[in-house]
Each structure stands twice: as C-alpha cells, then as structure tokens.
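Architecture at a glance
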Amino acid sequence: MISVAVNGYGTIGKRVADAILKQPDMRLVGVAKTSPNYEAFIAHRKGIKIYVPQQSIKKFEESGIPVAGTIEDLVKASDIVVDTTPNGVGAQYKPIYQQFQRNAIFQGGEKAEVADISFSALCNYDEALGKKYIRVVSCNTTALLRTICTINKVSKVEKVRATIVRRAADQKEVKKGPINSLVPDPATVPSHHAKDVNSVIKNLDIVTMAVIAPTTLMHMHFINITLKDKVEKKDVLSVLENTPRIVLISSKYDAEATAELVEIARDLKRERNDIPEVMVFDDSVYVKDNEVMLMYAVHQESIVVPENMDAIRASTRLMNAEDSIRITNESLGILK
Ligand code: NAD
C-alpha cells in the first residue's frame, strides 16, 4: 500500500484525492490547504485529514476545521506527494520534497524542467518507471497525446496540426474571462501546446493554435494528422474504439455539443459531472490517403486524474502500464 499526499486541494487536487481513496493499492494520508474555505470544510466533512502551513493553523482552528499537522508533516508521513498547487507553486515546493527525499508528481502548470520526465500514460509509462519527479502534462496536452499515440498504432504519425478551442475558466473561477469574446491564446503561432507535446514525443513535427472561448464546460480540439502510410478509415475507427480512455460518440445519439456531453455525465451520475475520457465524435473522423482529421471534446477538470494515478504507480514502480491503466479505469468507472 503506497501512502500518498495531495498538496493543493483545488479543482485537480480534490479529484486526485477522491481517486486515491478508490485505488486498492493506495492510501490517502491527507491533503494540504492554505485557506479554510468551503473546499477545506467539505474535505474535513468527508473525513480527509488536513495539513496546513504553520502560520495558518490558528486560522483553520478558528474556522472549526481541525488541523492534522503542517505541510512538512504531511510530506514526511507520505511515500509520494501529488502536487496540485497553482501554476509555478509546485516548483517552490520541490526543495521540501527533496529535503525529505520524497517522490513527487507535478501538474501541467509547472515548467517541464521541474520533473525528470513529462508523462502521458498511453505514450511513455515505461520511460517514467522509477522516476522520482514526474510531471503530468496539462489537460489539452493529455488529450493531444492520447490521440496521437493511439493513431500512431495504425501508422507512424509524421506531422500534427491542431486547433484548440479552450474553455475560458473552470466553473468555480468567477473572476476569469472573457465573458463575451474569442481571444487568441496567443495571436501567434505556435501556441505552447505544441512544445508541451514535444516534452513527451521529442521530435514530432507539431504546430498548434489556440483560442479562448467564453465557456466553462470543456475544450474542443480540431486535429489534422499526417501518417507515414495510407490508411483506411475503418482502421482508425477501430483503434480509437479499442483504446482505453477514448470514447467514440456515435452521431445517432445526437450528442455533439459540450453541453450535451456534460448532460450525459449528469445522467450517468458521474461524480462532479466528470468526463476523464477523450470524447471523439465518430462522424468527424475523416481519412484521405495518409491524412486523418477528427474533432473531440476534453473535460479539463478531470482528464488528468487517471494519469496522476498511473504516474504514482510508475514513479514507485508498483506495476506495468497495462495493469495500472486497467486498475485506474476500473476503480474510477472510466469507460473501457
Ligand atoms: P486550483 O486553483 O483550483 O487549486 C489549487 C489549490 O492549491 C487551491 O486550493 C489553492 O488554495 C491551493 N494553494 C495555493 N497556494 C498553495 C500553497 N502555497 N500551498 C498549498 N496549496 C496552495 O488550481 P487547479 O486548476 O487545480 O490547478 C492545479 C494544477 O493543475 C496547475 O498546475 C494547473 O495548470 C493544472 N491543471 C489544471 C487543470 C484545470 O482545468 N483546472 C487541468 C489540468 C491541469
């Protein structure tokens, strides 16, 4: 049983903590919080132990939220830390993880250099085995990599061009925008996503462009892949159909909009309406000779959660990729 800490209990951290509680081979030691807000209060109500910075102990106790110890105590009590603090804060914590010689999993908001390897379970699990510091790439990059490494099984991927329509904010982020504009992110080419994909697949020819759209639900990607060989559409559909964490949505069910996908998650009573799978619209899959085009939707708040479970197992050499992906998927109710 591996003892896991979660440092930073926000959008990703709370989902990672809940996922750890469902893994048969992991134990959640506790979570680190800096402010006694509603998320801390709910974690406490769920029976999760809360660790805070030394200077915040009084503030938490005055709010009626008991404190189990300091963040250093949490790190010391764990075999591995999943750092889900805001962009760039993880790098500030790395010296503490090093001081106590603990492995750590960082998130996509950190620079790639913070870790020994950037990670995508379907692409490079084996390379991450035994690595002390692993960075799970961002939500958009996770979706791009899942898709690219899957199509690569049909024929070698030689070139990728992708356009990313990004959600403007997560649902709880009341101060973020835009409310009524499309904003190139940035208005230069390429966007940072291409470089992030290259942090996992080093020499891939990839160019990405991105635009921020006023929605909170999901991202949407439009991707154009050039393969080494001519391929058949049925082979592309078959590999997508048979790969874990990718779902082909049939056009016969009239679900094409992100709002409809979220409604499906609600109807399925998915926790927090999460959709950790890449949701590919089957009618969007277009194949001409060695060119493949497709569209898919990405639920930014949950897609990286299964990857974090696999990164923990890879870092601690608990098991191979196939077993880890299967156990993560079964425990989280991920389709396929
Ligand atoms: P968030 O703001 O929702 O959560 C971060 C949490 O860390 C908050 O609870 C905050 O209070 C806490 N925190 C802040 N400073 C801290 C400190 N010094 N010590 C401990 N805790 C601290 O952020 P998020 O969206 O969960 O993002 C976390 C990471 O995951 C980032 O690297 C981000 O880029 C990445 N990520 C986010 C998404 C997404 O859609 N939200 C998707 C994929 C990856």
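Residues numbered from 1 in each chain as written. Predicted model: local features only at pLDDT ≥ 70, side-chain atom pairs only at ≥ 80, totals over all residues. Heavy atoms only, no water.

Once that is clear, we can look at the pairing of strand β16 (residues 291-298). Side-chain positions along a regular strand alternate between the two faces of the sheet. Note: strand β12 (residues 219-227) against β16, eight bridges, orientation antiparallel. Its bridge partner being in β16, Thr-226 is matched across the sheet by Glu-291. Summarising the sheet, strand β14 (residues 278-281) and β16 pair through two bridges and their orientation is antiparallel. Looking at β16, one finds that Met-279 is bridged to Ala-297. Summarising the sheet, strand β15 (residues 286-288) and β16 pair through three bridges and their orientation is antiparallel. In the strand pairing of β16, Val-287 is matched with Val-292. Joining the antiparallel neighbours β15 and β16 is a turn of two residues, in which Asp-289 adopts a positive phi near 55°. (Pairing = 2+ DSSP bridges. Helix = DSSP H or I, 4+ residues; strand = E, 2+ residues; numbered from the N terminus.)

With that settled, consider a nonpolar patch on the surface. On the surface, Tyr-38, Phe-41 and Ile-42 cluster together to form a nonpolar patch covering roughly 310 Å² of accessible area. Position of Tyr-38 among the secondary structure elements: in helix α2 (residues 38-45). (Patch = residues over 30% accessible without salt bridge, like charges linked within 9 Å, V, L, I, M, F, W, Y side chains within 5 Å. Areas by Shrake-Rupley, 256 points an atom, 1.4 Å probe, with all protein chains shown as cover. Salt bridge = Lys/Arg side-chain N within 4 Å of Asp/Glu carboxyl O.)

Moving on: the confidence of the model for the protein. Per-residue pLDDT for the protein has a mean of 97; in total, 100% of the residues score no lower than 70. Our summary of model confidence lists the complex with pTM equal to 0.97 and ipTM equal to 0.99. (pLDDT = per-residue confidence, 0-100.)

Residues Ile-80 and Val-82 line one face of strand β5 (residues 80-83) and the alternating positions Val-81 and Asp-83 line the opposite face, and both faces are buried. Summarising the sheet, strand β1 (residues 2-7) and β5 pair through four bridges and their orientation is parallel. In the strand pairing of β5, Val-6 is matched with Val-82. Pairing of β5 with strand β6 (residues 103-106) involves three bridges; the strand directions are parallel. Directly across from Val-82, in β6, lies its bridge partner Ile-105. Assessed by its sense of winding, the connection that carries the chain from β5 through helix α5 (residues 89-99) to β6 is right-handed. (Buried < 20%, exposed > 50% of the residue type's maximum accessible area, 1.4 Å probe, protein only. Right-handed = clockwise from strand over helix to strand, strands pointing away.)

Turning next to the state of the cysteines. Inspection of the entire model under this criterion finds one disulfide. Sulfur-sulfur distance for the disulfide between Cys-123 and Cys-149 comes to 2.1 Å. Its S-S torsion of about 115° marks the bond between Cys-123 and Cys-149 as right-handed, since a negative value means left-handed. Of the two residues, Cys-123 sits in helix α6 (residues 121-128) while Cys-149 sits in helix α7 (residues 139-151), which places them 26 residues apart along the sequence. Cys-149 gets classed as buried once you look at its relative accessible area, which sits at 17%. Between Cys-139, a free cysteine, and Cys-123, which holds the nearest cysteine sulfur, the sulfur-to-sulfur gap is 16 Å. (Disulfide = S-S within 2.5 Å.)

All right, on to the packing of aromatic side chains then. In the structure shown here, the tally under the stated rule is four aromatic pairs. Summarising the aromatic geometry, the rings of Tyr-97 and Phe-106 are spaced 6.0 Å apart at their centres and angled 50° between planes, so their arrangement reads as tilted. Comparing Tyr-97 with Phe-106, the two get one shared label, buried. On the numbers, 6.1 Å between centres and 55° between planes, the contact of Phe-119 with Tyr-125 is tilted. Among the aromatic residues, those joined into a cluster by ring pairs are Tyr-93, Tyr-97, Phe-106 and Tyr-133. In this arrangement the basic side chain of Lys-94 is found over the ring face of Tyr-133, its NZ or CZ atom lying 4.6 Å from the centre. (Phe/Tyr/Trp six-rings, centres within 6.5 Å; stacked < 30°, edge-to-face > 60°. Lys NZ or Arg CZ within 6 Å of the ring centre and 35° of its normal.)

Another aspect to go through is the layout of surface pockets. There is about 1,400 Å³ of room inside the largest pocket. Around the largest pocket, the lining comprises 48 residues; the ones closest to its centre are Thr-85, Pro-86, Asn-87, Gly-108 and Gly-109. Within the residue set of the lining of the largest pocket, elements represented by two or more residues are α1 (11-21), α2, α5, α7, β9 (157-167) and α8 (192-198). Counting residues per element, the lining of the largest pocket draws most heavily on α8, at four residues. Taken together, the residues that form the lining of the largest pocket break down as twelve nonpolar, 21 polar and 15 charged. Volume-wise, the second largest pocket comes out at about 270 Å³. Lining the second largest pocket are 16 residues, with Lys-22, Glu-271, Asp-274, Pro-276 and Leu-332 positioned closest to its centre. Here the element with the most residues in the lining of the second largest pocket is α1; it accounts for three residues. (1 Å grid on protein atoms, 1.4 Å probe; cavity = no way out; pocket = protein on both sides within 12 Å on 5 of 7 lines; lining within 4 Å. Points joined across faces, edges and corners; volume = space filled by probe spheres on them. Nonpolar A, V, L, I, M, F, W, Y, C, P; charged D, E, K, R; others polar.)

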